[in-house]
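Listed below, chain by chain, are the residues.
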Amino acid sequence: MGTRDCQHICDESSPAVGEAGKTGEWRDSFPVIDLEKCLLVRQNKPSCFLCWLYCPDAVISRTIPVQIDMEYCKGCGICAQICPAHAITMVHEE
Amino acid sequence: MNKKIARKTSTWILDGNHAAAQGVKLSRVQVIAAYPITPQTPVTEKLSEFVERKELDAQYVAVESEHSALAVCTSASMVGARTFTATSSHGLAYMHEMLHWAAGARLPVVLACVNRAIGAPWNVLNDQQDSVSQRDTGWIQIYARNNQEILDSIIQAYRIAESVYVPVMVCYDGYVLSHTEMPVDVPSQKDVDKFLPSYKPHTILDPANPKNYNLVTLANPRVNAEGVLCHGYMELRYLLQEALQNSRETIIKVGQEFGELFGRSYANMFWENRLDDADVVIVAMGSLAMEAIVAADMLREAGHKVGVLGLRVFRPFPKADVAKALKKSRLVVIFDKNISYGLEGATCSEIKSALYGRSVRAVIRNFIVGLGGRDVKAREMVDAVNKSLLSVKEGDLNAEYPEWICAI
């Protein structure tokens, strides 16, 4: 089966979740959140959300606790770098 | 579309640059962005005059470089405008990156290249190295032999470009054509309007349906959000090549329709002069093909059956047509006003490529001529052919490197 059916003559895309495919398949390591350290969980109020703010792919939800969409998380590690409570660690994929 | 023969023409004495400008004006171009460079400058001056006097309803964007000129044209084309730019030599080189971009983005930009030699050393006079060097970029390339063909080719270029979504470069020799006045039949606006409908873009920028065009494209195809398998980089590039291969049909059809309406047919990929009974064929591109006809006259007087193949469409290269036209040749003498350094003239290589596997056993000889505006005389072309005829006796089909007609 070829790509001709998409009927594009130049590359084009529309803004939509999953437009670039399942980018989660690209990652090498994934974020693990220690909820005992996360400020949001400990304080039970919207006091931080830096991981949500900094995620370049917007796959972290603005909820308590946060949820990470692993279908699209590319494992860049910015959330782990930015977390002021060091609650996030990057773990290598098997 | 009304197919009646155009009645309202008037003959003007125009130089090549003015003929190009008239072609652009008649094509109702909407955005022009250009940077002056000898010998193209009068095109930009004429066009800005037309815009200033409101004879052409277009936006003339004064840019600071040729790279920007083509960037403006591609952007404007993206949002549905009919665009034009012109340049030469270093200017064309400066927009090289954008030439690749316009082709890959499948935008029907038309560019007039006023052929000029490229430095080092500095030279403002004519040769075809500039546009020939860009033959890999994916543009359709048409070479005009005289000023009438310049005007006609620009109008046809928009029809062709906008049908196949491939940019078109109309090339003509600097000074030899650009600054030489000739009688040119200028069609009426009404008749050109019959021939050239408005541009229908394939890229629609609509806030209600937002899209991103020519984004980062990976090696492999991807499944998009709607579950459709989209092209990887290679598939998109395949489509460009396919479009160029198939454009021959459109080029000839457009040339034929032009002939039916305006009385001058362009239903060909090259001009043929006495090829029917020729066993010696001279090949040349652009205005050099006219000089070649004079040389052929002289050779015919001396008893040789010589014809001229005046290459008009260089990209897509008309392989099958060339092979057919040269089927009966014993000798093909190719004059190139360019050279692919380290090898030979570009036209020569491409003709050899067209003939491979076609059981044409012609001797092929390549002469590099006219670089940097060096005048090419018919007498010199005759001497080159006579010299080559000696090789026919030896049966030496190929020569390792081309010969140069110069003072070295």
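Asks: Before we go on, may I ask you to explain the overall build of chain A in this structure?
Replies: For chain A, the helix and strand inventory stands at three helices and three strands. In terms of overall size, chain A is more extended than a compact globule, its C-alpha atoms giving a radius of gyration of 16 Å where 94 residues would be expected to give roughly 12 Å. Counting over 94 residues, chain A shows a buried share of 21%. The contacts of chain A with a sequence gap of at least 6 include a subset with a gap of at least 24, amounting to 62%.

Asks: Even after reading the chapter, I still don't get the overall build of chain B, so can you show me in this structure?
Replies: Scanning chain B from terminus to terminus reveals 13 helices and 18 strands. Relative to its length of 408 residues, chain B is compact, with a C-alpha radius of gyration of 21 Å against a globular reference of 22 Å. With the principal axes as the frame, chain B shows a C-alpha extent of 70 × 55 × 45 Å. By sequence separation, contacts in chain B at least 24 residues apart represent 79% of the contacts at least 6 residues apart.

Asks: Would you explain the interface of chain A and chain B in this entry?
Replies: Interfaces are frequently sized by the accessible area removed from exposure as the parts join. Taken together, the 16 residues of chain A in the interface contact 23 residues of chain B. Of the residues belonging to the side of chain A that touches chain B, the class tally is seven nonpolar, six polar and three charged. In terms of strand pairing, strand S1 (residues 12-13) of chain A meets strand S9 (residues 212-213) of chain B through two bridges, oriented antiparallel. What sits directly across from A:Ser13, in S9(B), is B:Asn212.

Asks: What should I look at first to understand the sheet that holds strand S17 (residues 363-368) of chain B in this one?
Replies: Strand pairs in the sheet, formed through backbone hydrogen bonds, run parallel or antiparallel to each other. Residue and element names in this part refer to chain B. Pairing is mixed in the open sheet, where six strands are placed in the order S12-S14-S13-S16-S17-S18. Where the open sheet ends on each side, the last strands, each with one partner, are strand S12 (270-273) and strand S18 (403-404). Relative to the sheet, helix H10 (residues 288-301) contacts S12, strand S13 (280-285), strand S14 (306-311) and strand S16 (331-336), its axis offset from that of S14 by approximately 175°. Of the strands in this sheet, S13, S14, S16 and S17 are in contact with helix H12 (residues 346-355), which crosses S16 at around 145°.

What counts, and at which threshold
Residues numbered from 1 in each chain as written. Chains lettered and ligands numbered in written order. Predicted model: local features only at pLDDT ≥ 70, side-chain atom pairs only at ≥ 80, totals over all residues. Helix = DSSP H or I, 4+ residues; strand = E, 2+ residues; numbered from the N terminus. Rg over C-alpha atoms; globule rule 2.2 N^0.38 Å. Buried ≥ 20, exposed ≤ 12 C-beta atoms within 10 Å, placed from the backbone. Contact = placed C-beta atoms within 7 Å. Nonpolar A, V, L, I, M, F, W, Y, C, P; charged D, E, K, R; others polar. Pairing = 2+ DSSP bridges. Axes fitted to C-alpha atoms, helices over the stretch in contact; angles between N-to-C directions.

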